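Chain by chain, the residues run as shown.
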Amino acid sequence: MAWKKLNTGMAPSWDKVKEKTIEGIILDRREHVGQFDSSVYTLEKKDHTKTAVWAKGSLEQMLSTLLVGTEVRITWKGLVETKNGRKANAFEVEVQETT
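Residues numbered from 1 in each chain as written. Predicted model: local features only at pLDDT ≥ 70, side-chain atom pairs only at ≥ 80, totals over all residues. Heavy atoms only, no water.

(A) Representation of the overall build of the chain within the structure. On a plain count of helices and strands, the chain comes out with one helix and five strands. Reading the chain from its N end, one meets helices and strands in the order β-β-β-α-β-β. Long-range pairs, those at least 24 residues apart, make up 40% of the contacts in the chain between residues at least 6 apart in sequence. (Helix = DSSP H or I, 4+ residues; strand = E, 2+ residues; numbered from the N terminus. Contact = heavy atoms within 4.5 Å.)

(B) Just the nonpolar core, in detail. Trp14, Leu43, Val53, Leu59, Leu63 and Ile74 are the most contacted members of the largest nonpolar core, which totals 13 residues. Among the elements of the structure, strand 1 (21-33), strand 2 (38-44), strand 3 (50-55), helix 1 (58-63) and strand 4 (71-81) are those that each provide at least two residues to this core. Per-element tally for this core: the top contributor is strand 4, with three residues. If near-sequence neighbours (up to four positions away) are discounted, Ile74 is found in contact with Trp14, Lys20, Thr21, Ile22, Leu43, Val53, Leu59, Leu63, Phe91, Glu92 and Val93. (Core = buried A, V, L, I, M, F, W, Y, C linked by side-chain atoms within 4.5 Å. Buried < 20%, exposed > 50% of the residue type's maximum accessible area, 1.4 Å probe, protein only.)

(C) Expanded view of the pairing of strand 4. Inspection of the sheet shows strand 1 paired to strand 4 by five bridges, in the antiparallel sense. Looking across to strand 4, one finds that Gly24 is bridged to Val72. With nine bridges joining them, strand 4 and strand 5 (residues 87-95) adopt antiparallel strand pairing. The residue of strand 5 that forms the bridge with Ile74 is Val93. (Pairing = 2+ DSSP bridges.)

(D) View of the sheet that holds strand 5. In space, the five strands of this open sheet follow the order 3-2-1-4-5, with antiparallel pairing throughout. In the strand order of this sheet, the two ends are held by strand 3 and strand 5, each with one partner. Taking each pair of neighbouring strands and ignoring which way they run, the sheet shows an average axis angle of 40°. (Axes fitted to C-alpha atoms, helices over the stretch in contact; angles between N-to-C directions.)

(E) A look at unusual backbone geometry. Unusually for a residue other than glycine, Asp37 sits at a positive phi of about 55°. Its location among the elements puts Asp37 in the loop between strand 1 and strand 2. Within the chain, His48 stands out as a residue other than glycine whose phi angle is a positive 75°. One can find His48 in the loop between strand 2 and strand 3.

(F) View of the environment of Thr75. Locating Thr75 in the fold gives a position in strand 4. Relative accessible area serves as the criterion here: at 12%, Thr75 is assigned to the buried category. In this view, Thr75 contacts Lys20, Thr21, Ala90, Phe91 and Glu92; residues no more than four positions away in its chain are not counted. Among the polar contacts made by the side chain of Thr75, one reaches the side chain of Thr21 at a distance of 3.2 Å. (Polar contact = N/O pair within 3.5 Å; in protein donor to acceptor, adjacent residues only side chain to side chain.)

What follows is the structure, encoded as C-alpha cells:
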C-alpha cells in the first residue's frame, strides 16, 4: 500500500519580495486560516494562474471591503515602522474602475 499526499486546495502563496505587485480577480476569501488567524484571498491572474494572498492588519482591512469578482492590484511598499516601534508590511491596494 502506498502513501498519497493530500492537497490543501490552496493556491501557491504570493511572494511579495520577488513579485512586488500582483494583479488579478478575487475568486474567494477564507477566514481564520493558519496560526495567525489570517484571511487568505485567491486571485486569478491574467495568465489564469491562481495565487493565494495572505492578509492581516491593514491589508485585510482594505481587501475585506471588496467583493468576489473585483479586479485588484496589490503593491507591497516594503516594511515601515509602526507607532510602537515594530515593523509592519505596507501595501497599496487599487481596484479596476468599471465604466
